Amino acid sequence: MGVALGLKKDELKNAKEYVNEVLALVKKKNPGETEFHQAVEEVLHSLIPIIAKHPVYMDNGILERLTEPERLITFSVPWVDDNGKTHVNRGFRVQFNSALGPYKGGLRFHPSVNASIVKFLGFEQILKNSLTGQPLGAGKGGSDFDPKGKSDGEIMRFTQSFATELNKHIGPDIDIPAGDTGVGAREIGFMFGQMKRLRGAYEAGILTGKGLEYGGSLVRKEATGYGTVYFLNEMLKDAGLSLNGKRVTVSGSGNVSIYAMEKAAESGATIVACSDSDGYIYDPSGIEIATVKRIKEEEGKRISEYLKTHPGAEYHSGCSGIWSLPCDIALPCATQNEIDENDAQMLVKNHVLAVAEGANMPSTKAAKDLFVKNNVLFAPAKAANAGGVAVSSLEMAQNSMRLRWTFEEVDQHLQKIMKNIYQETKKASEEYGYPGDLSVGANLAGFKRVADALVSQGVV
Ligand code: NDP
Ligand code: 2IT
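Here's a quick rundown of the structure. (Residues numbered from 1 in each chain as written. Chains lettered and ligands numbered in written order. Predicted model: local features only at pLDDT ≥ 70, side-chain atom pairs only at ≥ 80, totals over all residues. Heavy atoms only, no water.)

Focus: the overall build of the protein chain
Our working definition: In this text, helices come from DSSP runs of H or I with a minimum length of four residues, and strands from runs of E with a minimum of two, each type numbered from the N-terminal end. The reference for a compact globule is 2.2 Å times residues^0.38; the radius of gyration itself is calculated from the C-alpha atoms. Only protein chains enter the calculation, and the probe is 1.4 Å; a residue is then buried if its accessible area is under 20% of its type maximum, exposed if over 50%, and partly exposed in between. Here, residues are in contact when the closest pair of their heavy atoms is within 4.5 Å.
Across its full length, the protein chain holds 18 helices and twelve strands. Computed over C-alpha atoms, the radius of gyration of the protein chain comes to 21 Å, within 12% of the 23 Å expected from 2.2 N^0.38 for 460 residues, which places it in the range of a compact globule. The buried share of the protein chain, taken over its 460 residues, is 57%. Of the contacts made within the protein chain by residues no fewer than 6 positions apart, 72% connect residues no fewer than 24 positions apart.

Here's what the structure looks like:
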């Protein structure tokens, strides 16, 4: 470490000490928040060479400022079910960092949502949004509400109650939420309707991921999955490879997974498996994406339904078995820590060529290290899945200008942004002495822009 930069031993030692001090502080101030600790630890360790090279970051307390959310809002979300029974869920919004623009990031509705999950997601979002090159700060939010098995009426009442409180804290130049797990166009629509009533104004720029009829952008729905594959294509091309003829395994069957499958198939790959939280389907001759779309997007049913129209496919219960299937490329697009060291070992044993993360932090640190050690091409989440938030930024731009771009125009912007993220990430990994490690490259490239903005803006 540091050889490429000509750093002196004591410069590196000071930087390491600083990183360890801040890590200890984060753990002390946020006890038991394991996902948040995991995300911070992974990022901070990789920043040692840049901290050593630029003492101004240490002098300005940049790591302390980057790891402490500017604001964490917690609120109760009372709602009434179809039987007249009252429930109370917990709502969150973390407004993590505003160095580069208004807070921006998604909302997640899932029973596992807690302060640790929203903080890890919000922290990752800082560097991801920076990598897009767009004027975006970072935030994240959601609730421990479980949308599974709820009627449309229950979803609407819960979402309106959530929006009533969240509305106090957002605005087109303050904080612009969007979707994430469990929050799609339907929930964004309910939130927009409620907030419009409360605000007494039609402010299109308060949310992104809106319906196309009322201010949404073409390509936003497809953006994260498409963007992940655009990034993957760049990475493969650089290694003299392509998706053509490759077997691809994709976890999940939600928004990110579906459009990653669609674009990978368009690039000539065969999608051999996908999953939901109950189990996975496997068909080495290729999964039919139109059927997955119908089951998940239109009918909201389980992935096991796939076998009704494709009896030749296999269904297996449990999710993690998906990584034991032979494949050339793995796209984890479901949730955090879904690939552990054992799963990574199975993928390596099956000679996986590349892993591109569509979900946020889907690989544990040990899994990631194993991929890098075994020369598996690895596209880290904060770079590879940045297409979603990048197109959210393009939605905001269109809302401000009160005009709409065509599908092709937005898609061109997205492709350019993903190519640029790949180049910046690769360049930073080489400049700081980690060639081939895009994870470190993404952290360094994302960090530099935010850190420089924080230095320029000073502290009161
Ligand atoms: P969706 O709710 O549309 O889909 C999530 C999918 O993952 C579903 O198939 C779901 O199965 C499955 N899943 C969720 N939790 C688990 C679990 N614990 N174990 C196994 N499978 C699970 O969410 P998205 O596609 O929007 O998000 C997926 C990931 O991508 C998340 O990590 C999110 O943070 C990230 N992401 C999303 C972006 C976006 O724009 N939407 C942008 C960038 C990243 P089931 O149906 O059974 O719940
Ligand atoms: O994790 C993410 O980048 C998202 N859920 C998308 C955020 C956004 O504001 O579009």
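Some details on the packing of helix α6 (residues 115-131) against helix α18 (residues 438-457)
Condition: Inter-axis angles, ranging from 0 to 180 degrees, are taken between N-to-C directions of lines fitted to C-alpha atoms, where helices are fitted over the stretch in contact. Any angle that is under 35 degrees is reported as roughly parallel, and any over 145 degrees as roughly antiparallel; angles of 65 to 115 degrees are reported as roughly perpendicular and all others as oblique.
In the contact formed by α6 and α18, the axes pass within 8 Å of each other and the chain directions differ by 85°. In terms of axis orientation, α6 runs roughly perpendicular to α18. Here α6 contributes Ile126, Leu127, Asn129, Ser130 and Leu131 to the contact with α18, which in turn contributes Ala442, Asn443, Ala445, Gly446, Phe447, Arg449 and Val450.

Brief notes about the site of ligand 2
The condition that has to hold: A molecule or strand has a residue near it when one of that residue's heavy atoms lies within 4 Å. Polar contacts, as counted here, are pairs of nitrogen or oxygen atoms within 3.5 Å of one another; within protein the pair requires one atom able to donate a hydrogen and one able to accept it, and residues that are adjacent in sequence qualify only if both atoms are side-chain atoms. To be clear on the numbers: accessible area is Shrake-Rupley with a 1.4 Å probe, and residue cover counts the displayed protein chains and nothing else. The nonpolar class holds Ala, Val, Leu, Ile, Met, Phe, Trp, Tyr, Cys and Pro. Asp, Glu, Lys and Arg form the charged class, and all remaining residues, Gly among them, are polar.
Ligand 2 sits among 14 residues. The nearest are Lys104, Lys128, Lys140, Asp180 and Ser392. One of the side-chain N or O atoms of glutamine 125 is found 3.0 Å from an oxygen atom in ligand 2. Within the contact set of ligand 2, an oxygen atom lies 2.6 Å away from a side-chain nitrogen or oxygen of serine 392. Compared with its free state, where it exposes 300 Å², ligand 2 has 94% of that area covered by protein. Counting only elements with at least two residues in the shell around ligand 2, the list comes to β3 (103-109), α6, β5 (175-179) and α16 (387-401). Per-class residue counts for the shell around ligand 2 are two nonpolar, seven polar and five charged.

Focus on the side chain of asparagine 30
Counting through the fold element by element, asparagine 30 comes out in the loop between α1 (9-29) and α2 (34-46). Asparagine 30 sits in the buried class, given a relative accessible area of 6%. Discounting chain neighbours no more than four positions away, the residues touching asparagine 30 are Phe36, His37 and Lys119.

A few points about the pattern of salt bridges
The following threshold applies: Within this document, salt bridges are pairs made up of a side-chain nitrogen of Lys or Arg and a carboxyl oxygen of Asp or Glu, the two lying within 4 Å of each other.
Taken as a whole, this structure holds 29 salt bridges when the rule is applied. Here arginine 157 and aspartate 82 are joined by a salt bridge, their closest N and O atoms 2.7 Å apart. Linking arginine 157 in helix α7 (residues 152-166) with aspartate 82 in the loop between β1 (71-80) and β2 (86-97), this pair joins segments that are 75 residues apart in sequence. For aspartate 82, a relative accessible area of 44% puts it in the partly exposed group. Its salt-bridge partner being glutamate 187, residue arginine 186 comes within 3.1 Å of it at the nearest N-O pair. Overall, glutamate 187 belongs to the buried group, its relative accessible area being 5%. Overlapping salt bridges, with partners in common, bring together Glu42, Glu124, Lys368 and Lys382 in one network.

Looking at the sheet that holds strand β12 (residues 377-379)
What counts is decided by this rule: The pairing criterion is simple: DSSP has to find at least two bridges between the two strands.
Here we have seven strands laid out as an open sheet, ordered β9-β8-β7-β6-β10-β11-β12, and mixed in their pairing. Two strands close off the open sheet at either side, each with one partner strand: β9 (314-317) and β12. Shown here is a sheet whose adjacent strand axes are inclined to one another by a mean of 15°, direction ignored. Of the strand pairs in this sheet, strand β8 (residues 279-282) and β9 are connected by four bridges, and their pairing is antiparallel. By the bridge assignment, tyrosine 282 is partnered in β9 with glutamate 314. Packed on one face of the sheet, helix α9 (residues 220-238) meets β10 (329-331), β11 (354-356) and β12 and runs near 150° to β11.

Details of the environment of glycine 182
Among the structural elements, glycine 182 can be located in the loop between β5 and α8 (185-199). Here the alpha-carbon distance between glycine 182 and lysine 13, two residues 169 residues apart in the chain, equals 44 Å. Ignoring sequence-local partners within four residues, the contact set of glycine 182 consists of Phe109, Pro147 and Glu187.

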